[in-house]
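So the chains spell out like this:
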Amino acid sequence: MPREDAVIVNALVRQALVAAQEVMGENGLNAILRNSGLERFIGNFPPNDMNPSIQTSQYASLNAAIEEFYGRGGPGILKRIGKASFEYGLREQSALLGVAAGAALKLLPERQRIKVILNQVASALKKTNAQVEAWVDDSGEHVAYLESTCAICHSRTSEKPICHLYIGSIGEAVRWATGREHVITETHCLAKGDPYCRFEVGEAKDA
């Protein structure tokens, strides 16, 4: 479980805010920042460094505010933000993400590509915060990404999985690594009382 005093570094908050503005527009993002008590970021995104920016609980509130603002369309918007967030990470934070060269990755079987990129995502998060516990499970029919310190659902409760932004990011990471979109399903969620959030990489959508 995430610690109550857990924080998120500037680089990751900036990545999320840039992606959110790209999807929602400046006015939409500003409304969300006001609703979630993060007005200080209006027109003032944090720098691209490893200093702590906000508490994890505030990041969770940001996600909750987006979902509430858009109602039934909220999960779709958050998935789009997650997709844009990974794309931003590739452009601006490739050293942090440490992604393998695309040409080398293409030489591997698809399942191995999925494992490689998900392990790199987990490694990148651990670099930003030693408290992060994230790992890849390759023991079942499908590869799965797990995290027991998920910031998106920190301090939130729900009857169903709510880490839509994470689904978008993982889906885009897998698409980048394999060249195909796969179905990503969150089978477990901390907000439901599960011990971790678990994202299973299913079949390719064009399969």
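Residues take numbers from 1 onward in each chain, read along the sequence in its written order. At least 70 in pLDDT is required for a residue's local features to be given in this predicted model, at least 80 for side-chain atom pairs to be given and counted, and no such filter applies to totals for whole chains, interfaces and linings, which use all residues. No hydrogens and no water enter the side-chain calculation; it runs on all heavy atoms of the structure.

Secondary structure summary: the protein chain contains eight helices and six strands in total. Start at the N end of the protein chain and walk to the C end: the helices and strands fall as β-α-α-β-α-α-α-α-α-β-β-α-β-β. Taking 17 Å as the expected radius of gyration for a compact globule of 207 residues, we find that the protein chain reaches 16 Å, a close match to that expectation. Within the span of the protein chain, comprising 207 residues, buried residues form 52% of the whole. Comment: elements are numbered from the N terminus, with helices defined as DSSP H or I runs of at least four residues and strands as E runs of at least two. Put simply, the radius of gyration uses C-alpha atoms, and a globule should come to 2.2 Å times the residue count raised to 0.38. Exposure categories follow from relative accessible area, calculated using a 1.4 Å probe and restricted to protein chains: below 20% of the type maximum is buried, above 50% is exposed, and the middle band is partly exposed.

We now examine unusual backbone geometry. Within the chain, Ser155 stands out as a residue other than glycine whose phi angle is a positive 65 degrees. Take Ser155: it is sitting in the loop between strand 4 (144–147) and helix 8 (164–178). Overall, Ser155 belongs to the exposed group, its relative accessible area being 60%.

A pair of strands is considered paired only if DSSP assigns at least 2 bridges between the two. In space, the four strands of this open sheet follow the order 3-4-6-5, with antiparallel pairing throughout. Sheet topology places strand 3 (134–137) and strand 5 (182–188) at the edges, where each strand pairs with a single neighbour. The sheet shows a mean angle of 20 degrees between the axes of neighbouring strands, direction not considered. One ladder, built from four bridges, connects strand 4 with strand 6 (residues 197–204); its direction is antiparallel. For Leu146, the partnering residue across the bridge sits in strand 6 and is Arg198. In this analysis, two residues are considered to be in contact whenever any of their non-hydrogen atoms come within 4.5 Å of each other. Here, axes are lines fitted to C-alpha atoms. For helices the fit covers the stretch in contact, and angles between N-to-C directions go from 0 to 180 degrees. In this fold helix 8 packs onto strand 4, strand 5 and strand 6, with an angle of close to 140 degrees to the strand it touches most, strand 5.

Take Asn10: it is sitting in helix 1 (residues 10–24). Residue classification places Asn10 among the buried positions, given a relative accessible area of 8%. Here Asn10 is in contact with Pro46, Pro47, Asp49, Asn51, Pro52 and Ser53, once residues within four sequence places are set aside.

Turning next to the pattern of salt bridges. Salt bridge, as used here, is a side-chain nitrogen of Lys or Arg placed within 4 Å of a carboxyl oxygen of Asp or Glu. The tally for this structure, following the rule as stated, stands at 10 salt bridges. Its salt-bridge partner being Glu67, residue Arg156 comes within 3.4 Å of it at the nearest N-O pair. Here Glu67 lies in helix 3 (residues 56–70) and Arg156 lies in the loop between strand 4 and helix 8, a separation of 89 residues in the sequence. Note on Glu67: relative accessible area 19%, which makes it buried. Here Lys83 and Glu172 are joined by a salt bridge, their closest N and O atoms 3.9 Å apart.

All of the buried residues in helix 2 (residues 26–35) are Gly28, Leu29, Asn30, Ile32 and Leu33. Looking at the buried residues of helix 2, the elements they touch are helix 1 and helix 3. Following helix 2 by one or two positions, Gly37 adopts a phi angle in the positive range, close to 75 degrees.

Counting 62 residues, the largest nonpolar core has Ile81, Leu118, Tyr145, Cys153, Cys163, Tyr166 and Phe199 as the members making the most contacts within it. With 10 residues, the top contributor of residues to this core is helix 1. By convention a nonpolar core is built from buried Ala, Val, Leu, Ile, Met, Phe, Trp, Tyr and Cys residues, the set being connected through side-chain atoms within 4.5 Å.

Looking at the element boundaries, Ser169 is found in helix 8. According to the relative accessible area criterion, Ser169 is buried, its value standing at 15%. When sequence neighbours within four positions are dropped, the list of residues in contact with Ser169 reads Gly82, Lys83, Ser85 and Phe86.

Quick look at the environment of His154 now. Following the sequence through the fold, His154 ends up in the loop between strand 4 and helix 8. Linking His154 and Ala60, residues 94 residues apart in sequence, is a C-alpha distance of 5.7 Å.

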